[in-house]
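# Summary of the model geometry
What follows is the residue order along each chain.
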Amino acid sequence: MVAENRWILISPISILFVFLISFLVLNVAESAKPFTFALYSQGLSLATQPPMLLPYRNGPVLSGKAIDVYLIWYGKFNGSQTSIIVDFFKSFQMHNGDTRSVSAWWKTTSGYEDAFGSRVSSSINLAKEKIDSSYSLGKTLTMIDVETLVKHAIHGKVFPTVSKAIYMVLTAPDVYVDGFCMNSCGFHAYTFPTPATDGKMLPYSWVGNSVIQCPGQCAWPFATPHFGPQTPPLHSPNGDVGIDGMIINIATILAGAATNPYGTGYYQGDAAAPLEAVSACTGIFGKGAYPGYPGELLVHNQTGSSYNANGINDRRFLIPAMWNPTSLNCKPL
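So, here's what we can say about the structure. None of these values were measured; they are calculated from a predicted model. All residue numbers refer to positions counted from 1 along the written sequence of the respective chain. Totals for whole chains, interfaces and linings use every residue, but because this is a predicted model, local features are given only for residues with pLDDT of at least 70 and side-chain atom pairs only at 80 or more, for both listing and counting. Calculated side-chain values reflect all of the structure's heavy atoms, with hydrogen atoms and water omitted.

### Topic: the pairing of strand β2 (residues 67–74)
For the exposure calls, accessible area comes from a 1.4 Å probe over protein chains only, and a residue counts as buried if that area is under 20% of its type's maximum, exposed if over 50%, partly exposed in between. Each helix corresponds to a stretch of at least 4 residues labelled H or I by DSSP, and each strand to a stretch of at least 2 residues labelled E; elements are numbered beginning at the N terminus. In terms of burial, β2 is a largely internal element, seven of the eight residues being buried. Two strands make a pair as long as DSSP finds a minimum of two bridges between them. Here β2 runs beside strand β3 (residues 124–132); their pairing, made up of eight bridges, is parallel. Its bridge partner being in β3, V69 is matched across the sheet by L126. As defined by bridge partners, β2 adjoins strand β5 (residues 165–171) across seven bridges and the pair is classed as parallel. Opposite I72, over in β5, you have V169 as the bridge partner.

Listed below in structure tokens is the structure:
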């Protein structure tokens, strides 16, 4: 795909240098190769042996007072579903001293800093939303289509151009995005600086609702896994397997984009499919996690649902462990 070609273009092959630069200028696609993650498929091996180091690659992190998130709802979501996700984002602003809160989980990112000593922003702010319930680009999307949705929102003056923000596309259950369920539950990437982005590199991302297509892969532990230990699924904290699975993936993407926005931050392994702040800890949600077992979790007395984080409006969420750059281990809530 074109995004793959553009990734290759940055390789220092002197013989083809002039030709490749010309190709880059003339090519209509303007996106960098997305960094993908597969939630459960990678988790089976990582749960028992998390990586010991996430090397810093000397690039920027998303710093500042708060990271603004610009959200596109692509496809049909009902009111209950949107309120769960909106409450999750707003929970980053809840600072009440609760060590089991979403904001407390995010504090681990304060250990990630760039070469100039700037740390990842201390909070997430849901800045603006756009609804695309008419499936403007159809129900089968490429990775570049995801970027196109973001650029259309910018061109239409719905969203501003903010280089230290995260533009996020959330897709409904009946939308298929390239690689979904095969090797990815979501991705984050960035645009190249062009007139369409006011000359800025803009981090953007995608997360899909897997409830129809692959809940065992992208909504575990709320669905029976597609492979590995066939443990019974847990009750989801908000009564919606697809949406509660999306929360896990949104958390993974937010942490990855904040600590490695341009592929030059913190990660281990291949730059095209890196293990990042949360994806390095895939499958770990509580103490004692191992393949097929998410770890020790809280259980709500009335509903029997499993969770580990408290949010606003009496919400409960399950969010994954994050790699702690100070203690050098995966730290669950």
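### Focus: the packing of aromatic side chains
Only Phe, Tyr and Trp rings are paired, with Trp represented by its six-membered ring, and only when their centres lie within 6.5 Å; those with planes under 30 degrees apart are stacked, over 60 edge-to-face, the remainder tilted. For the structure shown, the criterion picks out 21 aromatic pairs. Note on F159 and Y167: the rings are 6.2 Å apart at their centroids and 45 degrees apart in plane angle, and the pair reads as tilted. The pair formed by F159 and Y167 is uniform in burial state, with each residue classed as buried. Geometrically, the ring pair formed by F187 and Y204 is edge-to-face, given 6.3 Å between the ring centres and 85 degrees between the ring planes. Note that F187 is positioned in strand β7 (residues 186–190) and Y204 in strand β8 (residues 203–208), a separation of 17 residues in sequence.

### Comments concerning the pairing of β7
With five of five residues buried, β7 is to be regarded as a mostly interior element. The side-chain alternation of β7 yields two buried faces, one formed by G186, H188 and Y190 and the other by F187 and A189.

### Some remarks on the pattern of salt bridges
Salt bridges are identified by distance alone: a Lys or Arg side-chain nitrogen within 4 Å of an Asp or Glu carboxyl oxygen. All told, the structure shown has five salt bridges when counted by the stated rule. D87 is paired through a salt bridge with R315; the nearest N and O atoms lie 2.9 Å apart. A residue pair is termed long-range when its members are at least 10 positions apart, and D87 in helix α4 (residues 79–90) and R315 in the loop between β11 (309–310) and β12 (316–317) qualify at 228 residues. In this structure, D87 and R315 share a single accessibility class: buried.

### Details of unusual backbone geometry
Going from W220 to P221, the amide bond is cis rather than trans, its omega being 15 degrees. Tracing the chain through its elements places P221 in the loop between α7 (215–218) and α8 (241–259). Positive phi, normally seen in glycine, also occurs at Y135, with a value near 55 degrees. Examined against the element boundaries, Y135 turns out to sit in the loop between β3 and β4 (140–141). Judged by its relative accessible area of 12%, Y135 falls in the buried class.

### Details of the packing of α4 against α8
Any two packed helices are characterised by the angle at which their axes cross and by the distance between the axes. To obtain each axis, a line is fitted to C-alpha atoms, and for helices this fit is confined to the stretch in contact; angles are then taken between N-to-C directions over 0 to 180 degrees. Two numbers describe how α4 lies on α8: the axes approach to 10 Å, and their chain directions differ by 30 degrees. With respect to their mutual orientation, α4 and α8 come out roughly parallel. Between α4 and α8 the crossing geometry is right-handed. Seen from α4, the contacting residues are Q81, I84, I85, F88 and F89; seen from α8, they are I243, M246, I247, I250, A251 and L254. Grouping the amino acids of the contact of α4 with α8 by side-chain chemistry returns ten nonpolar, one polar and no charged. Oblique is the label for any angle not under 35 degrees, not over 145, and not in the 65 to 115 range, which are roughly parallel, roughly antiparallel and roughly perpendicular in turn. Crossing handedness: left-handed means the near helix sits turned counterclockwise from the far one by under a right angle, and right-handed means the same turn made clockwise. Contacts between residues were defined by any pair of non-hydrogen atoms, one from each residue, lying within 4.5 Å. Polarity classes work like this: nonpolar for Ala, Val, Leu, Ile, Met, Phe, Trp, Tyr, Cys and Pro, charged for Asp, Glu, Lys and Arg, and polar for all others, with Gly in that last group.

### A word on the side chain of S101
By secondary structure assignment, the location of S101 is in the loop between α4 and α5 (102–106). Polar contact criterion, stated in full: a pair of N or O atoms within 3.5 Å, where within protein one must be able to donate a hydrogen and the other to accept it, and residues adjacent in sequence count only if both atoms are side-chain atoms. Reaching out from S101, the side chain makes a polar contact with the backbone oxygen of D98 at a distance of 2.9 Å. Polar contacts involving the side chain of S101 include one to the main-chain amide nitrogen of A104, which spans 3.0 Å. The contacts of S101, once residues within four sequence positions are left out, are M94, A309, N310 and L333.

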